[in-house]
Amino acid sequence: GRLTGEPLGDYLDEVGPLVARFSRLIEPYVHAFLAEALPHRGLVRVLDVGCGSGGYLAHCARLNPEARGVGLEKDPSVVAFARENLEAWGLQERVRILGGDFQQSPAELARDFDVILFCNALYYFPLEERAGLLGRLREHLAPGGRLILVCQFLGHGKDVFAANLGAATCSMRGCWPLPDLDDTRQQLAEAGFDVVRVERLSPGSTFYGLVARTAAHRVTS
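Note that the coordinates shown come from a computational prediction; the quantities given were computed from them, not determined experimentally.

Conventions we followed
- Residues numbered from 1 in each chain as written.
- Predicted model: local features only at pLDDT ≥ 70, side-chain atom pairs only at ≥ 80, totals over all residues.
- Heavy atoms only, no water.
- Helix = DSSP H or I, 4+ residues; strand = E, 2+ residues; numbered from the N terminus.
- Rg over C-alpha atoms; globule rule 2.2 N^0.38 Å.
- Buried < 20%, exposed > 50% of the residue type's maximum accessible area, 1.4 Å probe, protein only.
- Contact = heavy atoms within 4.5 Å.
- Areas by Shrake-Rupley, 256 points an atom, 1.4 Å probe, with all protein chains shown as cover.
- Lys, Arg positive; Asp, Glu negative; His and termini not counted.
- Charge placed at Lys NZ, Arg CZ, Asp CG, Glu CD.
- Right-handed = clockwise from strand over helix to strand, strands pointing away.
- Pairing = 2+ DSSP bridges.
- Polar contact = N/O pair within 3.5 Å; in protein donor to acceptor, adjacent residues only side chain to side chain.
- Core = buried A, V, L, I, M, F, W, Y, C linked by side-chain atoms within 4.5 Å.
- 1 Å grid on protein atoms, 1.4 Å probe; cavity = no way out; pocket = protein on both sides within 12 Å on 5 of 7 lines; lining within 4 Å.
- Points joined across faces, edges and corners; volume = space filled by probe spheres on them.
- Nonpolar A, V, L, I, M, F, W, Y, C, P; charged D, E, K, R; others polar.
- Phe/Tyr/Trp six-rings, centres within 6.5 Å; stacked < 30°, edge-to-face > 60°.
- Axes fitted to C-alpha atoms, helices over the stretch in contact; angles between N-to-C directions.
- Salt bridge = Lys/Arg side-chain N within 4 Å of Asp/Glu carboxyl O.
- pLDDT = per-residue confidence, 0-100.

Comments concerning the overall build of the protein chain
Move 1: Tallying secondary structure elements over the protein chain gives seven helices and seven strands in all.
Move 2: Starting at the N terminus and ending at the C terminus, the protein chain contains elements arranged as α-α-β-α-β-α-β-β-α-β-α-α-β-β.
Move 3: For 221 residues, the compact-globule estimate of 2.2 N^0.38 gives 17 Å, and the C-alpha radius of gyration of the protein chain, at 17 Å, lies within 12% of that figure.
Move 4: Principal axes of the C-alpha set define a box for the protein chain whose edges measure 50 × 40 × 35 Å.
Move 5: Burial statistics for the protein chain: of 221 residues in total, 50% are counted as buried.
Move 6: Of the contacts made within the protein chain by residues no fewer than 6 positions apart, 71% connect residues no fewer than 24 positions apart.
Move 7: With the model as given, the accessible surface of the protein chain reaches about 10800 Å², and the carbon-plus-sulfur share is 52%.
Move 8: Between the centroid of the 23 positive side chains of the protein chain and the centroid of its 27 negative side chains there is a distance of 6 Å.

Some details on the pairing of strand E1 (residues 45-49)
Move 1: With four of five residues buried, E1 is to be regarded as a mostly interior element.
Move 2: This β-α-β element, E1 to helix H3 (residues 55-63) to strand E2 (residues 68-73), shows right-handed connectivity.
Move 3: Note: E1 against strand E4 (residues 113-119), three bridges, orientation parallel. Residue pairing across strands places Val 46 opposite Val 115, the latter belonging to E4.

Some points on the side chain of Ser 205
Move 1: Inspection of the secondary structure puts Ser 205 in the loop between strand E6 (193-200) and strand E7 (207-214).
Move 2: Judged by its relative accessible area of 9%, Ser 205 is buried.
Move 3: At a separation of 3.1 Å, a polar atom in the side chain of Ser 205 contacts the main-chain amide nitrogen of Phe 207.
Move 4: In this structure, Ser 205 is in contact with Asp 159 and Arg 200, ignoring residues within four places of it in sequence.

Description of the nonpolar core
Move 1: Formed by 31 residues in total, the largest nonpolar core has its most connected members in Leu 109, Ile 116, Phe 118, Leu 137, Leu 147 and Leu 149.
Move 2: Mapped by element, the contributors of at least two residues to this core are E1, E2, E4, helix H5 (130-139), strand E5 (141-152), helix H7 (181-190) and E7.
Move 3: At four residues, E5 tops the list of elements feeding residues into this core.
Move 4: Discounting residues that sit within four places of it in the chain, Leu 147 has contacts with Ile 116, Phe 118, Leu 134, Leu 137, Leu 141, Leu 188, Phe 193, Leu 210, Val 211 and Ala 212.

Structural notes on the layout of surface pockets
Move 1: In this structure, the second largest pocket spans a volume of roughly 150 Å³.
Move 2: Lining of the second largest pocket is provided by 14 residues; of these, Leu 154, Gly 155, His 156, Thr 206 and Tyr 208 occupy positions nearest its centre.
Move 3: Of the residues that constitute the lining of the second largest pocket, the class distribution is four nonpolar, five polar and five charged.

Re the packing of aromatic side chains
Move 1: Taken as a whole and assessed by the stated rule, the structure comprises three aromatic pairs.
Move 2: Here the aromatic rings of Tyr 123 and Tyr 124 are separated by 5.2 Å at their centres, their planes lie at 40°, and the arrangement is tilted.
Move 3: On the basis of relative accessible area, Tyr 123 is assigned to the buried category, the value being 9%.
Move 4: Where Phe 153 meets Tyr 208, the ring centres are 6.2 Å apart and the plane angle is 70°; that geometry is what we call edge-to-face. With Phe 153 in the loop between E5 and helix H6 (160-170) and Tyr 208 in strand E7, this residue pair connects regions lying 55 residues apart in the sequence.
Move 5: What makes Tyr 208 buried here is its relative accessible area of 13%.

Some points on the sheet that holds E1
Backbone hydrogen bonds are what pair the strands of a sheet, in a parallel or an antiparallel way.
Move 1: The seven strands lie next to each other as E3-E2-E1-E4-E5-E7-E6, forming an open sheet whose pairing is mixed. At either margin of the open sheet sits one strand with a lone partner, and together these are strand E3 (95-99) and E6. Put simply, the sheet's adjacent strands are angled 20° from each other on average, direction ignored.
Move 2: The pairing of E6 with E7 spans seven bridges and is antiparallel. Opposite Glu 199, over in E7, you have Gly 209 as the bridge partner.

Examining the pattern of salt bridges
Move 1: All told, the structure shown has five salt bridges when counted by the stated rule.
Move 2: Its salt-bridge partner being Glu 36, residue Arg 197 comes within 2.7 Å of it at the nearest N-O pair. Placement of the pair is Arg 197 in strand E6 and Glu 36 in helix H2 (residues 27-37), with a sequence separation of 161 residues.
Move 3: Under the relative-accessibility criterion, Arg 197 is labelled buried at 17%.
Move 4: Residues Glu 199 and Arg 197 are paired through a salt bridge, measuring 2.4 Å at the closest nitrogen-oxygen approach.
Move 5: If you follow the salt bridges from partner to partner, you end up with Glu 36, Arg 197 and Glu 199 in one network.

Notes on the confidence of the model for the protein chain
Move 1: On average, residues of the protein chain score 89 in pLDDT, and 91% of them reach the 70 mark or higher.
Move 2: This stretch, residues 217-221, has a pLDDT under 50; its non-local contacts, to residues over four places away or in other chains, come to seven contacts.

Structure representation (structure tokens):
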């Protein structure tokens, strides 16, 4: 009914912990991508915006023993879930979770991160706000830092999972349509990034990972 004009479902806040747990199912598809995109030695400061379970931060910490991480999550129940996970994984001394909304730029959020993770979160922001959002992410990167963006993109009729997820995001209050890959690359450019790597993370799907660097620090993929 929502797809034909009925009011959008208002239950996003209720399903936060479930979404965080479900998202762990796709972590294996992302781990190899992170392993190639993240430095494996030296101090690396990682920010995960919308960190969910904390699983990606944990993977970064395991890849690089010197990495330090901060996760930002606005759902209090998911914050608690992530903190429990990190304690169970023995990573609470290297990774901390902050409760807050990135749109409101929490005062304790630094602006010198080497890597920002932004995974499975772009469709929580309206289309017209996405370029500005990416620009604000860039403001929290140190010179030469990189943004690692992972998302399910529009399938344009060629990806059944994308079609199902898109139907859900379009019928839920607080979510918006899945992003288009080409549009996202253009928005990254508008925000001052160079996209240096694009990789399909699951065969035959429109689930992609992108690595972007600030335009002043161009590298080749």
